[in-house]
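These are the residues of each chain, in order.
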Amino acid sequence: MSCEDCVKGVRHEGEPEGKIEQIGGVECYVATPKGEYSKEKVVLFLSDGFGIPLVNNKLLVDDFARNGFRTIMPDLFQGDAIPSDALNRPDFDRAGWMARHGPDSWKPVLDAVVASLRAEGVTWIGTTGYCFGAPPAWYLALKGESKVTVVAHPSRLQIPEDLEEYRDKAKAPLLINSCETDQAFPQEAQAKADEILGGGKFAPGYERTYWEGCNHGFAVRGDMSNPKIKAGKEGAFDATVKFFKKYQDL
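About the cut-offs
- Residues numbered from 1 in each chain as written.
- Predicted model: local features only at pLDDT ≥ 70, side-chain atom pairs only at ≥ 80, totals over all residues.
- Heavy atoms only, no water.
- Core = buried A, V, L, I, M, F, W, Y, C linked by side-chain atoms within 4.5 Å.
- Buried < 20%, exposed > 50% of the residue type's maximum accessible area, 1.4 Å probe, protein only.
- Helix = DSSP H or I, 4+ residues; strand = E, 2+ residues; numbered from the N terminus.
- Contact = heavy atoms within 4.5 Å.
- Axes fitted to C-alpha atoms, helices over the stretch in contact; angles between N-to-C directions.
- Parallel < 35°, antiparallel > 145°, perpendicular 65-115°, else oblique.
- Left-handed = near helix turned anticlockwise from the far one by under 90°.
- Nonpolar A, V, L, I, M, F, W, Y, C, P; charged D, E, K, R; others polar.
- Salt bridge = Lys/Arg side-chain N within 4 Å of Asp/Glu carboxyl O.
- Pairing = 2+ DSSP bridges.
- Right-handed = clockwise from strand over helix to strand, strands pointing away.
- pLDDT = per-residue confidence, 0-100.
- Arc of directions from axis to C-beta.

Ranked by size, the top nonpolar core spans 78 residues in total, and within it Leu44, Ile72, Leu117, Tyr166 and Phe244 carry the most contacts. Among the elements that take part in this core, helix H8 (residues 227-246) stands out by supplying seven residues, more than any other. Discounting chain neighbours no more than four positions away, the residues touching Ile72 are Ile23, Cys28, Tyr29, Val30, Val42, Val43, Leu44, Phe45 and Leu117.

To continue, consider the packing of helix H1 (residues 55-66) against H8. Following both chains from N to C, one finds H1 and H8 inclined at 40°, their axes separated by 11 Å at the closest point. By the angle between their axes, H1 is oblique relative to H8. Taken as a pair, H1 and H8 cross one another with a handedness that is right-handed. Contacts from Leu60, Asp63 and Phe64 of H1 reach H8 at Lys233, Phe237, Thr240, Val241 and Phe244. Among the residues making up the contact of H1 with H8, the classes are represented as five nonpolar, one polar and two charged.

Turning our eyes to something else, we now look at the pattern of salt bridges. Considering all chains together, one arrives at 19 salt bridges under this definition. Here Glu17 ties to Arg66 by a salt bridge, and the two come within 3.2 Å at their closest N and O atoms. With Glu17 in the segment before strand S1 (19-23) and Arg66 in helix H1, the pair connects residues that are 49 residues apart, well separated along the chain. What you see here is one network of salt bridges that share partners, running through Glu17, Lys34, Asp63 and Arg66.

Quick look at the pairing of strand S8 (residues 206-215) now. The side chains of a regular strand alternate between the sheet's two faces. Pairing geometry for strand S7 (residues 174-181) and S8, over seven bridges, is parallel. Within S8, the position partnered with Thr181 by the bridge is Asn215. Regarding topology, helix H6 (residues 187-197) serves as the crossover connection from S7 to the parallel S8, and that connection is right-handed.

Turning next to unusual backbone geometry. Each neighbour pair has its own omega, and for Ile159 with Pro160 the value is 10°, a cis peptide bond. With a phi angle near 50°, Gln78 is a residue other than glycine that sits in the positive phi range. If you trace the backbone, Gln78 turns up in the loop between strand S4 (70-74) and helix H2 (94-100). In this model, Cys131 sits at a positive phi of 55°, which is unusual for a non-glycine residue. Secondary-structure assignment places Cys131 in the loop between strand S5 (124-130) and helix H4 (134-142). Exposure remark for Cys131: the relative accessible area of 4% places this residue in the buried category.

Here eight strands make up an open sheet; going across it, the order is S1-S2-S4-S3-S5-S6-S7-S8 and the pairing mixed. Across the chains shown, the open sheet's two edge strands, defined by having one partner strand only, are S1 and S8. Ignoring which end each strand starts from, the neighbouring axes of this sheet average 25° apart. Lying over the sheet, H4 contacts strand S3 (41-46), S5, strand S6 (148-152) and S7, oriented at roughly 165° with respect to S6. Strands in contact with H6 are S7 and S8; relative to S8, the strand with the most contacts, it is inclined by about 165°.

Detailed conclusions should not be drawn from predicted coordinates in areas where pLDDT is low. Put simply, the protein has an average pLDDT of 93, and 95% of its residues get 70 or more. Contacts for the low-pLDDT stretch residues 5-11, under 50 throughout, to residues beyond four places or in other chains number 29 contacts.

Time to look at H6. Among the residues of H6, Ala189, Gln190, Ala193, Ile196 and Leu197 are the ones counted as buried. What you see down the axis of H6 is that its buried residues fit within an arc of 130°, all on one side. In the core, the buried residues of H6 are packed alongside helix H5 (161-169), S7 and S8. Note on H6: the residue one or two positions beyond its end, Gly199, has a positive phi of about 60°.

Structural data, given as structure tokens:
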């Protein structure tokens with residue numbers, strides 16, 4: 001499911017440093033590390049519904065590049081991302097937008113990007129999916145295209161079915177960055193994830209962080225003036241980078 005918090009949050013300040021590129025015919029925002037980095041490794045940043053236009057997403061892509069990974073945010077919405085001003089627009093038609101962006105709309109986008117990356121020699125793909133980006137991250141793991149999966153405040157996952165399918169079919173280690181208040185991935189779902197995947201039940205590796213005082217969207221659109229949300233956003237990012245580096249030799 002999705003929730004009202006999927007279209008709420010705070011626009012962050014900063015000047016993006018990446019650039020727009022066409023990869024497999026798909027518009028992507030790309031940030032490249034300065035200095036030496038592993039050309040065969042890529043992080044796919046699978047965004048929330050606000051996509052490339054929201055500065056918060058571009059700044060996070062830049063931050064992953066600063067940590068040594070070429071990072072690519074594909075336009076999953078083909079020019080139809082949620083407008084940034086919808087953060088403060090209660091009249092935004094969330095249901096209508098969601099209806100236009102089911103799996104049949106974004107699977108071909110991901111397939112094209114991944115095929116292009118493979119053709120240029122990329123062998124390791126890590127995914128980090130936020131809200132809307134969780135099912136795309138699941139999709140690439142279940143196809144065997146990604147080596148590592150991270151999701152933060154995931155939405156539109158069927159619980160427990162998608163967790164069970166991941167356990168039974170995926171080989172990519174999984175990190176879930178979760179929070180206290182989340183209609184899309186509530187604490188009951190978080191506990192179910194631990195029950196299904198934790199305690200060694202998912203051999204490739206499973207971890208979950210939990211951020212008290214944070215709500216859905218905290219890892220991208222959180223209010224950085226709130227100390228708990230700031231700690232959650234920065235902590236989830238740090239946990240994601242560490243998880244990628246832990247499994248970067250897969």
